[in-house]
Amino acid sequence: MNSLDIARRHAFAQEIAREAGAIARRYFHSGDAIGAMEKGAHDLVTQADLEIDRFLIERLRQAFPKDGILTEESGGSAAPNLWVIDPIDGTTNFARRIPHFAVSIAFHAEGRTESGVVYNPVLDEMFVARRGFGATCNGQPIRVRPTRGVTDALIDAGYSSKRPLADYVALVGRLLESDFAFVQNGSAAIGLAQVACGRIDGYCELFLHSWDVLAGLLLVEEAGGWVSDFTAQNGLLQGSAVLAGTPAIREPLQRVLPIAIATGAPPR
Ligand code: LIP
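These figures come from a predicted structure and were not determined experimentally. (Residues numbered from 1 in each chain as written. Predicted model: local features only at pLDDT ≥ 70, side-chain atom pairs only at ≥ 80, totals over all residues. Heavy atoms only, no water.)

## Details of the side chain of histidine 100
Phase 1 of the analysis: Here histidine 100 is to be found in the loop between helix 3 (91–95) and strand 5 (102–109).
Phase 2 of the analysis: For histidine 100, a relative accessible area of 13% translates into the label buried. (Helix = DSSP H or I, 4+ residues; strand = E, 2+ residues; numbered from the N terminus. Buried < 20%, exposed > 50% of the residue type's maximum accessible area, 1.4 Å probe, protein only.)

This is the structure we're talking about:
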């Protein structure tokens, strides 16, 4: 795909993320209309997830009818040019009116993510990255934090019920034994965006789907951080573990969660 075609998709992603965020914000402030339903233990879907999912699919099919679409709520399959979407990442936070959730939209072409958008509509923070063009928040360039070392590092360690609890407890134990501090804030997309903009120093989780992370991983790469090779071993369709962080803590954080790191261009 040529640069102009990617640029068109990159601009469109930001437009529909903002419109989808307005839908989420309406539900968020509406009182009981959120209507959370359980897909599984601590795994919710709300009316807003479903409405935003339908909205984004409809807009993308109108604008780019030949592109593939993969979303958390409607599924999908691989395609050379693929939109990968989480209508609301951080649904539990959203359902409890905690303003730590995002619309996450990634465009994945010929095996790599070219465009990523993570939009928190309550805080009105639009995190955007296009491969090779850097990362921004509300139009201002963002960079990962100049971490001094592990005792200066705060890691968001997401919990997935799709892996044994003992594995998560062990992961947290290794983080703390390595002198990291950790939080568990409930949204991978927002957590990765916070690594990219320098609020925290790393993100890790034992299992996530591509729609949770592809946009956020590109944000981190384009903001000077490093990321795990999420799409190796078919992570795009089957999910995988996730690790991302600032250059200064790459080795100690990889010892905590030893998974392959993407071999893209070194952090700038
Ligand atoms: C969430 C992720 C989070 C994870 C949660 C959940 P959702 O995505 O962003 O990192 O810990 O279990 O998977 O379900 O809110 O889109």
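## Brief notes about the site of the ligand
Phase 1 of the analysis: Inspection of the region around the ligand gives 14 residues, with Asp86, Asp89, Gly90, Thr91 and Glu205 positioned closest.
Phase 2 of the analysis: Contact distances for the ligand include 3.3 Å between an oxygen atom and a backbone N or O atom of isoleucine 88.
Phase 3 of the analysis: Tyrosine 203 places a side-chain nitrogen or oxygen 3.0 Å from an oxygen atom of the ligand.
Phase 4 of the analysis: Within the complex, 85% of the 380 Å² of free accessible area of the ligand lies under protein.
Phase 5 of the analysis: Of all the secondary structure elements, the ones that give two or more residues to the shell around the ligand are strand 4 (81–89) and strand 12 (202–208).
Phase 6 of the analysis: Both domain 1 (3–141) and domain 2 (150–264) contribute no fewer than three residues apiece to the shell around the ligand. (Near = heavy atom within 4 Å. Polar contact = N/O pair within 3.5 Å; in protein donor to acceptor, adjacent residues only side chain to side chain. Areas by Shrake-Rupley, 256 points an atom, 1.4 Å probe, with all protein chains shown as cover. Domains from an automatic or database assignment.)

## A closer look at a nonpolar patch on the surface
Phase 1 of the analysis: There is a patch of nonpolar side chains on the surface, built from Tyr159, Leu165 and Val169 and spanning about 280 Å² of accessible area.
Phase 2 of the analysis: By the element assignment, leucine 165 lies in helix 4 (residues 165–177).
Phase 3 of the analysis: When its relative accessible area of 52% is taken as the criterion, leucine 165 is described as exposed. (Patch = residues over 30% accessible without salt bridge, like charges linked within 9 Å, V, L, I, M, F, W, Y side chains within 5 Å. Salt bridge = Lys/Arg side-chain N within 4 Å of Asp/Glu carboxyl O.)

## Digging into the packing of aromatic side chains
Phase 1 of the analysis: Overall, the coordinates contain seven aromatic pairs when judged by the stated rule.
Phase 2 of the analysis: The interplanar angle of 85 degrees and the centroid separation of 5.5 Å between the aromatic rings of phenylalanine 12 and phenylalanine 64 together place this pair among those described as edge-to-face. Placement of phenylalanine 12 in helix 1 (residues 3–28) and of phenylalanine 64 in the loop between helix 2 (47–63) and strand 3 (68–71) is noted, with a sequence separation of 52 residues between them. Phenylalanine 64 shares its class with phenylalanine 12; the two are buried.
Phase 3 of the analysis: An aromatic cluster is present here, built from Phe12, Phe64, Trp83 and Phe107 joined pairwise through their rings. (Phe/Tyr/Trp six-rings, centres within 6.5 Å; stacked < 30°, edge-to-face > 60°.)

## Digging into the nonpolar core
Phase 1 of the analysis: With 36 residues, the main nonpolar core has Val84, Val118, Val213, Leu217 and Leu219 as its most contacted residues.
Phase 2 of the analysis: Where this core is concerned, the elements lending two or more residues are strand 4, strand 5, strand 7 (125–130), strand 8 (135–137), helix 5 (188–196), strand 12, helix 6 (210–222) and strand 14 (240–245).
Phase 3 of the analysis: By residue number, the principal contributor to this core is helix 6, which donates eight residues.
Phase 4 of the analysis: Looking at this core, you find at least three residues from each of domain 1 (3–141) and domain 2 (150–264).
Phase 5 of the analysis: Other than its neighbours up to four places away in sequence, valine 118 contacts Ala102, Val103, Ser104, Glu125, Met126, Phe127, Ala189, Ile190, Ala193, Ala215, Gly216 and Leu219.
Phase 6 of the analysis: Formed by 30 residues, the second largest nonpolar core is a distinct cluster that contains Ala17, Ile23, Phe94 and Phe101. (Core = buried A, V, L, I, M, F, W, Y, C linked by side-chain atoms within 4.5 Å. Contact = heavy atoms within 4.5 Å.)

## Brief notes about the packing of helix 5 against helix 6
Phase 1 of the analysis: Remark: helix 5 packs on helix 6, axes separated minimally by 8 Å, with the N-to-C direction vectors making an angle of 0 degrees. Between helix 5 and helix 6, the angle falls in the class roughly parallel. Each of Ala188, Ala189, Leu192, Ala193, Val195 and Ala196 in helix 5 lies in contact with helix 6, whose residues at this interface are Asp212, Val213, Gly216, Leu217, Leu219 and Val220.
Phase 2 of the analysis: Split into classes, the residues belonging to the contact of helix 5 with helix 6 amount to 10 nonpolar, one polar and one charged. (Axes fitted to C-alpha atoms, helices over the stretch in contact; angles between N-to-C directions. Parallel < 35°, antiparallel > 145°, perpendicular 65-115°, else oblique. Nonpolar A, V, L, I, M, F, W, Y, C, P; charged D, E, K, R; others polar.)

## Structural notes on the sheet that holds strand 12
Phase 1 of the analysis: Taken together, five strands build an open sheet; the order of strands is 11-10-12-14-13 and the sheet is mixed. Of all strands in the sheet, those bounded by a partner on one side alone are strand 11 (181–183) and strand 13 (226–227).
Phase 2 of the analysis: Bridge count between strand 10 (residues 154–158) and strand 12: four bridges; the pairing is parallel. Counted as the bridge partner of alanine 157 is cysteine 204 from strand 12.
Phase 3 of the analysis: Its contacts with the sheet place helix 4 against strand 10, strand 11 and strand 12, and it is angled at close to 165 degrees to strand 12.
Phase 4 of the analysis: Where helix 5 meets the sheet, it contacts strand 10, strand 12 and strand 14, and its direction lies at approximately 155 degrees from that of strand 12. (Pairing = 2+ DSSP bridges.)

## So, the domain arrangement of the chain
Phase 1 of the analysis: When cut into domains, the chain gives domain 1 (3–141) and domain 2 (150–264).
Phase 2 of the analysis: Its C-alpha centre places domain 1 at a distance of 20 Å from the equivalent point of domain 2.
Phase 3 of the analysis: Contact residues are listed per partner, giving 38 residues for domain 1 and 26 residues for domain 2.
Phase 4 of the analysis: Buried area between domain 1 and domain 2, summed over both chains or domains, comes out near 2,400 Å², and the portion from carbon and sulfur atoms is 65%.
Phase 5 of the analysis: When residues of domain 1 are sorted by the area they lose upon contact with domain 2, Asp89, His100 and Phe127 head the list and together hold 23% of the total.
Phase 6 of the analysis: Where domain 1 meets domain 2, there are two salt bridges.
Phase 7 of the analysis: The residue arginine 131 makes a salt bridge to glutamate 221 at a minimum N-O spacing of 3.3 Å.
Phase 8 of the analysis: Put simply, domain 1 and domain 2 have nine residue pairs in polar contact (both at pLDDT 80 or more) between them. (Buried area = accessible area lost by both parts, 1.4 Å probe.)

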